[in-house]
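Chain by chain, the residues run as shown.
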Amino acid sequence: MTQKEHEREVSCKTLPSLKIGAWNVRGCGSESKRCVIAKVFEERSLDVLAVCETKLKGKGEVWFGNVRGWKSGVGGGHGREGVALFLGDRLSECVTEIREVSSRVMWVKIRFGGELWAFVSVYGPGSERSEEEREEFWGLLNETVECIVVVLGDLNARVGDDPIEGVIGNWGCQGGMKTV
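In this report, we go over the structure that sits alongside the text. (Residues numbered from 1 in each chain as written. Predicted model: local features only at pLDDT ≥ 70, side-chain atom pairs only at ≥ 80, totals over all residues. Heavy atoms only, no water.)

## Some words on the sheet that holds strand β2 (residues 48–52)
Here's step 1: Taken in spatial order, the 5 strands of this open sheet run β1-β2-β5-β4-β3, and their pairing is mixed. Where the open sheet ends on each side, the last strands, each with one partner, are β1 (20–24) and β3 (59–64). On average, each strand axis in the sheet is inclined to that of its neighbour by 20°, with strand direction left out of account.
Here's step 2: The sheet contact formed by β3 and strand β4 (residues 67–72) spans 6 bridges and is antiparallel. When the sheet's bridge partners are listed, E61 is paired in β4 with W70. (Pairing = 2+ DSSP bridges. Helix = DSSP H or I, 4+ residues; strand = E, 2+ residues; numbered from the N terminus. Axes fitted to C-alpha atoms, helices over the stretch in contact; angles between N-to-C directions.)

In structure tokens form, the structure reads like this:
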């Protein structure tokens, strides 16, 4: 075992405390917006950041400034979906697998000692989408889980079809969080 392999093994043996975030960015095609995302990642010392509604095309590694990540977007045409995952340096060394499932689901698996974790970035279809598209999304998400999973992103979930006074209206949540 080389020195580098030994250091990687030691750094991935214990489960660290993690700072995790999720952000619907509503597009990140401009360099300036990508720099803002990278700046927030660095300033908040995040270990994992799931980004959805990136509107980026293609799949694979992506850099936002000095921050390394992976994207999963549409193959061609108009990019209106897209997800990405960004990892800090200490977690990047522990990655065992990355999968760009679709423009709405991607994940990265990380081994901490004997535990395998999956961080999943999602962007669920809204209620305006067809039942078939929503069922396909949930089916893809269900196929993803086989270990400890942390799902991050915008699921666009809504319970029921009726507005509820003070909770949800015709176009989304109303008001702020309430403490009970």
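## Here's the deal with the side chain of D47
Here's step 1: Structurally, D47 is set in the loop between α2 (31–43) and β2.
Here's step 2: Within polar-contact distance, the side chain of D47 engages the side chain of R90 at 3.0 Å.
Here's step 3: Here D47 is in contact with S17, L18, K19, F41, F86, L87, G88, R90 and L91, once residues within four sequence places are set aside. (Polar contact = N/O pair within 3.5 Å; in protein donor to acceptor, adjacent residues only side chain to side chain. Contact = heavy atoms within 4.5 Å.)

## Notes on the pattern of salt bridges
Here's step 1: Applying the stated rule across the entire model yields 11 salt bridges.
Here's step 2: Here E81 and R104 are joined by a salt bridge, their closest N and O atoms 3.4 Å apart. One end of the pair, E81, is in the loop between β4 and β5 (83–87); the other, R104, is in the loop between β6 (95–100) and β7 (105–112), with 23 residues separating them in the sequence.
Here's step 3: We classify E81 as buried; its relative accessible area is 9%. (Salt bridge = Lys/Arg side-chain N within 4 Å of Asp/Glu carboxyl O. Buried < 20%, exposed > 50% of the residue type's maximum accessible area, 1.4 Å probe, protein only.)

## Looking at the packing of aromatic side chains
Here's step 1: Counted by the stated rule, this structure contains 3 aromatic pairs.
Here's step 2: Measuring from centroid to centroid gives 4.7 Å for F64 and F86, while their planes differ by 50°, and the two rings are tilted. A residue pair is termed long-range when its members are at least 10 positions apart, and F64 in strand β3 and F86 in strand β5 qualify at 22 residues. Residue F64 shares its accessibility class with F86, and that shared class is buried.
Here's step 3: A ring pair is formed by F137 and W138, whose centres lie 5.1 Å apart and whose planes are at 75°; its orientation type is edge-to-face. (Phe/Tyr/Trp six-rings, centres within 6.5 Å; stacked < 30°, edge-to-face > 60°.)

## Some thoughts on α2
Here's step 1: Between the first and last C-alpha of α2 there are 18 Å, a value that for 13 residues agrees with the 18 Å anticipated at 1.5 Å per step.
Here's step 2: Looking only at α2, the buried set comprises R34, I37, A38 and F41. Here the buried residues of α2 occupy an arc of 95° about the axis, which is enough to place them on one side. Summarising the geometry of α2, the exposed residues directed more than 90 degrees from the buried face are S32 and E43.
Here's step 3: Backbone geometry just downstream of α2 places S45 in the positive-phi region, at approximately 50°. (Expected span 1.5 Å × (residues − 1). Arc of directions from axis to C-beta.)

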